[in-house]
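This is what each chain is made of:
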Amino acid sequence: MRNPATVIAAGGVVWRDGRDGRQILLVHRPRYDDWSLPKGKLTPHEHVLSAARREIEEETGQQVVLGPPLGIQRYDVRKNGSIVPKMVHYWSAALTGPEREFVPNDEVDKLEWLPLDKARRRLSYPRDVEILDALDRLTPVLSTLVLVRHAEAVKRKEWDGKDTNRPLTEAGQASAERLVDVLAAVGVNRIRSSDAERCVATITPYAAELGRQIHLHPEVSERGYDADPSGLKGMGAQIWKPGKITVVCSHRPVLPALSKELGLKVGKFSPGAFLVAHRLEGDQLVYERFRAP
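Bear in mind the structure is a predicted one, so any value in this text is a computation, not a measurement.

A. Geometry of the overall build of the chain. Helix and strand counts for the chain come out as eight helices and 13 strands. Relative to the globule expectation of 19 Å for 293 residues, the C-alpha radius of gyration of the chain, 21 Å, shows essentially globular dimensions. For the C-alpha atoms alone, the extent of the chain along its principal axes is close to 65 × 50 × 35 Å. Residue burial in the chain is summarised as follows: out of 293 residues, 49% are buried. A sequence separation of at least 24 residues applies to 67% of the contacts in the chain between residues at least 6 apart. When the accessible surface of the chain is totalled, it reaches about 15,200 Å², and 47% of it is carbon and sulfur.

See below:
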């Protein structure tokens, strides 16, 4: 007998800093008469980062940017008359811009901004308090990096032109389109890439959505790295810009050396896979890896 499928959900701790310290946004759900952190289930084929941001904005009406991961909750829920496991991923969710007007709905009828201590006492579930307590350990974020391997490209043996012009496959193009919501969820505002077509094409949909140019770095291309591996030196200072959220798209052979230059320890990347890294005070790094969206 097969185990029931796990229900996957995502959400976050929405916060802002005010004159009297940090405030946390809690939601009241009339169905359960409880106070909790905003969250919700993934839609089919939705990336977990995209889902977290979407659910937060749908439940609260507020625009956020996701920061470091705060933890995962695991517990059982009732679904269609059966008890099934549920897994909820949480991230720090910083409020961007002024607070927006909230319109009550069937799922959430009230919001309240509370100081950290009051929010801990108001939350209805101890598991939510544990997630909230992780926030202070993982904020503030000084800068963020998204490191991407280009999406699936036409195979070398099937391409007659210059390797630097080798394009994405249809599947790779679809992956690049799905990457748009993911990069938006973490608030990417600087776009860097190898000058190879397959890298540029991977992040072009997001650049177009944002209305930004892609800054090309030939030194992180396969050709550039092979010609001069020392060209990666100094990339850390260029990429880790205070207050910025930067995406860099490169190639499988280059990524290990590039990661090392950026202070990261990572293994192999499959096509379209990416890493999100956050630099905290004291040069602490928090990062997580994802497969292609």
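Let us keep going from here.
B. A look at the pairing of strand β1 (residues 7-18). Bridge count between β1 and strand β6 (residues 82-95): nine bridges; the pairing is parallel. What sits directly across from valine 7, in β6, is lysine 86. Relative to strand β4 (residues 39-41), β1 is paired through three bridges, and the arrangement is antiparallel. Pairing of alanine 10 across the sheet is with glycine 40, part of β4. With antiparallel pairing between neighbouring strands as the criterion, β1 and strand β2 (residues 21-29) make up a hairpin whose turn holds two residues.

C. Fine view of the packing of aromatic side chains. In the structure shown here, the tally under the stated rule is one aromatic pair. For the pair phenylalanine 274 and phenylalanine 290, a centre-to-centre distance of 5.2 Å together with 25 degrees between the ring planes defines the contact as stacked. Taken together, the residues phenylalanine 274 in strand β12 (residues 274-280) and phenylalanine 290 in strand β13 (residues 285-290) connect sequence positions 16 residues apart. What makes phenylalanine 274 buried here is its relative accessible area of 1%. You can call phenylalanine 290 buried: its relative accessible area is 14%. Residue placement shows arginine 127 over the ring face of tyrosine 75; its charged tip is 3.8 Å from the ring centre. For arginine 279, the ring lying beneath its charged end belongs to tryptophan 240, and the centroid distance is 4.6 Å.

D. Examining unusual backbone geometry more closely. Looking along the chain, the bond that leaves threonine 139 and enters proline 140 is cis, with omega of 5 degrees. As for its placement among the helices and strands, proline 140 is situated in the loop between α3 (126-133) and β8 (141-149). Positioned with a positive phi, aspartate 33 is a non-glycine residue whose angle comes to about 50 degrees. The residue aspartate 33 is located in the loop between β2 and β3 (34-36) in this model. Judged by relative accessible area, aspartate 33 falls into the exposed class, the value being 59%.

E. Region of the structure containing the pairing of β8. Most of β8 is tucked away: seven of the nine residues are buried. With seven bridges joining them, β8 and β12 adopt antiparallel strand pairing. Its bridge partner lying in β12, serine 143 is registered against arginine 279. Both β8 and strand β11 (residues 245-250) contribute to a ladder of six bridges, which runs parallel. Note on β11: the bridge partner recorded for valine 146 is valine 247.

F. Seen up close, the environment of leucine 275. Residue placement: leucine 275 occurs in strand β12. Through-space distance from the C-alpha of leucine 275 to that of arginine 149 is 9.1 Å; in sequence the pair is 126 residues apart.

G. Region of the structure containing the packing of helix α1 (residues 48-60) against helix α4 (residues 170-185). Put simply, α1 and α4 touch, their axes get as near as 8 Å, and they point 55 degrees apart. One element, α1, and the other, α4, form an angle in the oblique class. The interaxial crossing formed by α1 with α4 has left-handed handedness. In contact with Leu49, Ser50 and Arg53 of α1, α4 contributes Asp181, Val182, Ala184 and Ala185. Its residues assigned to classes, the contact of α1 with α4 comprises four nonpolar, one polar and two charged.

H. Summary view of α1. Counted at 1.5 Å a residue, the expected span for α1 with its 13 residues is 18 Å, and the 18 Å between its end C-alpha atoms agrees. By the burial criterion, the buried members of α1 are Val48, Leu49, Ser50, Ala51, Ala52, Glu55, Ile56, Glu59 and Thr60. Looking one or two residues past α1, glycine 61 carries a phi angle of roughly 80 degrees, positive in sign.

I. Structural context of the pattern of salt bridges. Inspection of the entire model under this criterion finds 17 salt bridges. In this structure, arginine 166 and aspartate 163 form a salt bridge, with 3.0 Å as the shortest nitrogen-oxygen distance. Because the salt bridges share partners, they merge into one network encompassing Arg156, Asp163, Arg166, Arg198 and Glu222.

J. Representation of the sheet that holds β13 in the model. Spatial strand order, β10-β9-β11-β8-β12-β13: six strands in an open sheet with mixed pairing. The sheet terminates laterally at β10 (215-216) and β13, the two strands that pair on one side only. Relative to β11, strand β9 (residues 190-193) runs parallel, the two being bridged by four bridges. Across the sheet, residue serine 193 finds its bridge partner in β11, namely cysteine 249. Helix α5 (residues 197-210) contacts β8, β9, β10 and β11 of the sheet and is inclined by roughly 165 degrees relative to β9.

Cut-offs used in this document
Residues numbered from 1 in each chain as written. Predicted model: local features only at pLDDT ≥ 70, side-chain atom pairs only at ≥ 80, totals over all residues. Heavy atoms only, no water. Helix = DSSP H or I, 4+ residues; strand = E, 2+ residues; numbered from the N terminus. Rg over C-alpha atoms; globule rule 2.2 N^0.38 Å. Buried < 20%, exposed > 50% of the residue type's maximum accessible area, 1.4 Å probe, protein only. Contact = heavy atoms within 4.5 Å. Areas by Shrake-Rupley, 256 points an atom, 1.4 Å probe, with all protein chains shown as cover. Pairing = 2+ DSSP bridges. Phe/Tyr/Trp six-rings, centres within 6.5 Å; stacked < 30°, edge-to-face > 60°. Lys NZ or Arg CZ within 6 Å of the ring centre and 35° of its normal. Axes fitted to C-alpha atoms, helices over the stretch in contact; angles between N-to-C directions. Parallel < 35°, antiparallel > 145°, perpendicular 65-115°, else oblique. Left-handed = near helix turned anticlockwise from the far one by under 90°. Nonpolar A, V, L, I, M, F, W, Y, C, P; charged D, E, K, R; others polar. Expected span 1.5 Å × (residues − 1). Salt bridge = Lys/Arg side-chain N within 4 Å of Asp/Glu carboxyl O.

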